[in-house]
Amino acid sequence: MTTLTIALDVMGGDFGPPVTVPAAIAAVKENPSLHVILCGNQVEIEKILAEHHFTYSDQISFLNCTQIVEMDERPTATIRNKTDSSMRRALELVEQGKAGACVSAGNTGALMMNAYYVLKTLPGIDRPALVTALPTITDKKVYLLDLGANVECNSEILFQYAVMGAVMAEEVEGISQPRVALLNVGEEQIKGNDRVKHAAQLLSEAPSINYIGYLEGNDIFSNRADVVVTDGFVGNIALKACEGLGKLVISEVKRVSGKNWLSKIMAKLTLPFLKKIYSRVNPDQYNGASLIGLRGIVVKSHGNASSEAYLYAIREATQEISRQVPTKIKDKIEIALG
């Protein structure tokens, strides 16, 4: 049986081991071929394993680390001062070939900078990007990138993001010739800034990319595209705005359903339908943004993720290991650049 090994930054995130360790337990229980290396304070880790009555198995091992990257630390300082942090050691396991992927809920900026420092980018890729899959009006997903790894990007970097996003859609979702679009303020060719227009020209001239043109923000979830590309500033705002809207909708449903006796009866009658909708938009199942473009697999979980949400991030990492996403990106970027 092939073993998939993932290094977990157990101490990262808002909650650390109380969230990450139970998620690791759940992951190895559902996947017999998975081995996780828990990077962090071994005493704390063993305490939580005991609380969950988890007996030792060859699916879990430890790497004791003496430091933690805090959520509010300056990313550049962590490279110099936190060389024995759970985040840094987990990344080094990937660089050394001892793990196929790293999963962390830690400081996003620190993770990006440490991953860039330890793993380096693939040939032809200038900067890594954060990408995640989001739901659409159909049963298909759409990949949105960049989500905040780089707030400023030139047209060449947007082109690279498009290539990487296409590989994710093709290899993870199994979409042949994924449709790639640039996020813009309008669909007309005259719209947008010079950077976006130049990126559009580069994509139009790349026969290996199925570029379909510009897409506006209201069409991200329309299933008109499989990959939507933008810079990290716009992408992060778009993602957070969508998450906020989702929470508003759920909150309003709860508020209205408890307003009076008639609305309570209607809520009970429609509960199965509402549960089905919630299962589609539940943000937990979309937790796990991939930091792609590196010479290794790194998955970023939300800092405030629950154990269930963190489990989805681990699942995402196992998929990318199985599909050998970095290798596929390397091959695709070579073809796209000619």
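Structure: see above.
Residues numbered from 1 in each chain as written. Predicted model: local features only at pLDDT ≥ 70, side-chain atom pairs only at ≥ 80, totals over all residues. Heavy atoms only, no water.

(A) View of the side chain of S208. Residue position: S208 is located in the loop between α7 (194-204) and β8 (210-215). Judged by relative accessible area, which is 15%, S208 ranks as buried. Setting aside anything within four residues of it in sequence, one finds S208 in contact with K332, I335 and A336. (Helix = DSSP H or I, 4+ residues; strand = E, 2+ residues; numbered from the N terminus. Buried < 20%, exposed > 50% of the residue type's maximum accessible area, 1.4 Å probe, protein only. Contact = heavy atoms within 4.5 Å.)

(B) Fine view of the state of the cysteines. This structure, assessed with the given rule, holds zero disulfides. We note that C39 lacks a disulfide partner, and the nearest cysteine sulfur, in C65, lies 5.1 Å from it. Of the cysteine sulfurs around C102, a residue in no disulfide, the closest is that of C39, at 7.5 Å. The exposure class assigned to C102 is buried, which follows from its relative accessible area of 0%. (Disulfide = S-S within 2.5 Å.)

(C) Summary view of the environment of T327. By the secondary structure assignment, T327 is in helix α12 (residues 325-336). Using a relative accessible area of 39% as the deciding quantity, one classes T327 as partly exposed. Sequence-wise, T327 and G296 are 31 residues apart; in three dimensions their C-alpha atoms are separated by 9.0 Å.

(D) Seen up close, the pattern of salt bridges. One pass over the structure, following the stated rule, counts 13 salt bridges. A salt bridge links R315 to E30, with the shortest nitrogen-to-oxygen separation between them at 2.8 Å. With R315 in helix α11 (residues 307-323) and E30 in helix α1 (residues 17-30), this pair connects stretches of sequence that are 285 residues apart. Classification of R315 as partly exposed rests on a relative accessible area of 29%. Among the charged side chains, a network of salt bridges with common partners joins D84, R88, R89 and E92. (Salt bridge = Lys/Arg side-chain N within 4 Å of Asp/Glu carboxyl O.)

(E) Inspection of a nonpolar patch on the surface at higher detail. A grouping of V151, F233, V234 and I237 is seen on the molecular surface, where their side chains present a nonpolar patch of about 360 Å² in accessible area. For F233, the location among the structural elements is in helix α8 (residues 232-257). (Patch = residues over 30% accessible without salt bridge, like charges linked within 9 Å, V, L, I, M, F, W, Y side chains within 5 Å. Areas by Shrake-Rupley, 256 points an atom, 1.4 Å probe, with all protein chains shown as cover.)

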